[in-house]
Amino acid sequence: MDKGVLLANMEEQKRLIVESCESGEWKVSKTKGGVDASILYDPASPICKCMGKGQVMATPAELVEFFADFSCMKITDAMFISGEEVEKVDHHTVIYHGRFQCPPLITNRDFCWANSDCLIRDGDAGVSVGWSVEHPECPPESGFVRAQMMSSGYYFKRHDSDPSLSTLYYVVHVDPKGWIPTWVINLVAADQAFNVLRIKEHFEKLRQGAGGSSSSSQPSSEGTAALEQDPASQDADQGKAGK
């Protein structure tokens, strides 16, 4: 893997995620728990982009620290089964392998992706972006269909009037591959927008537990242990899609 190419792509992914979140093209389709879920259709792809947006009781620095700990996946994504670090590229960028639970009768998916977490704009904002990569130590895994993560991730910026809050955005654009109808893909993707709600609730509990101030943005040891659980059994469409 060419490190220079990877890091150049990282800068492009950061730019794309910020531009996407700040675009005025999004249309809110659902609101839950103070989080807006929006959908955007791209003429170049039948798979929709989805975005969640909400206010979180954390600063940009606390959010970068949170996302940089891979065990946060058990908090942020209800579909996450297990995963591990493949390679640490630099201080901000890591290659991960993760396994994800799919709905009944659909084979579970896995991803190999590069992820970068860092502050931008002099610390007033930050990003946690991910995109699929190929890596010799992360081959397709038996029992899973290797999916593709396109421009996806989090963008967060300090709240205009309350420096203890951040506005958190999450954009997800994923091609799960395999034999899944597009309407099913888009339905599941829309629910992913509420990853923002799970993060919002996590930091609210931290604030309450610390008497109104967050002493740590890190997941509990239970979340770390859960990373090691066994993946669920394979489902019906495994014979139709490559692994």
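Residues numbered from 1 in each chain as written. Predicted model: local features only at pLDDT ≥ 70, side-chain atom pairs only at ≥ 80, totals over all residues. Heavy atoms only, no water.

Visitor: Explain the overall build of the protein residue by residue, including any values.
Guide: Secondary structure assignment for the protein yields 6 helices and 12 strands. Burial statistics for the protein: of 243 residues in total, 52% are counted as buried. Accessible surface computed for the protein: about 11,500 Å², of which carbon and sulfur atoms make up 53%. (Helix = DSSP H or I, 4+ residues; strand = E, 2+ residues; numbered from the N terminus. Buried < 20%, exposed > 50% of the residue type's maximum accessible area, 1.4 Å probe, protein only. Areas by Shrake-Rupley, 256 points an atom, 1.4 Å probe, with all protein chains shown as cover.)

Visitor: Can you break down the pairing of strand E7 (residues 125-132) residue by residue, with the values?
Guide: With 7 of 8 residues buried, E7 lies mostly within the body of the structure. With 8 bridges connecting them, strand E6 (residues 109-120) and E7 associate as antiparallel partners. Residue Asn-115 lies in a different strand from E7, and its bridge partner there is Gly-130. Here E6 folds back onto E7 in antiparallel fashion, the turn holding 4 residues, of which Arg-121 has a positive phi close to 55°. Across 6 bridges, the pairing between E7 and strand E10 (residues 152-158) is antiparallel. Pairing of Val-129 across the sheet is with Gly-153, part of E10. (Pairing = 2+ DSSP bridges.)

Visitor: Please set out helix H1 (residues 3-21) residue by residue, giving values where relevant.
Guide: End to end, H1 covers 27 Å across 19 residues, agreeing with the expected 27 Å (1.5 Å per residue, within 8%). Restricting attention to buried positions, one finds in H1 the residues Leu-6, Met-10, Gln-13, Lys-14, Ile-17, Val-18, Ser-20 and Cys-21. The buried residues of H1 occupy one face: seen down the axis, they fall within an arc of 160°. Structurally, H1 contributes buried residues whose contacts are with strand E3 (49-56), strand E5 (93-100), E6, E7, E10 and strand E11 (166-172). (Expected span 1.5 Å × (residues − 1). Arc of directions from axis to C-beta. Contact = heavy atoms within 4.5 Å.)

Visitor: So what's going on with the packing of aromatic side chains? Residues and values would help.
Guide: Counted according to the given criterion, the structure contains 13 aromatic pairs. Seen from their ring centres, Phe-70 and Phe-80 are 5.8 Å apart, and the 85° between their planes marks the pair as edge-to-face. On the criterion of sequence distance, the pair formed by Phe-70 in the loop between helix H2 (60-68) and helix H3 (73-76) and Phe-80 in strand E4 (residues 80-88) is long-range, its members being 10 residues apart. Each member of the pair, Phe-70 as well as Phe-80, is classed as buried. With centroids separated by 5.8 Å and ring planes inclined at 50°, the aromatic side chains of Tyr-96 and Trp-113 adopt a geometry described as tilted. Of this pair, Tyr-96 sits in strand E5 while Trp-113 sits in strand E6, placing them 17 residues apart in sequence. Of the residues examined, Trp-113 reaches a relative accessible area of 3% and is grouped as buried. (Phe/Tyr/Trp six-rings, centres within 6.5 Å; stacked < 30°, edge-to-face > 60°.)

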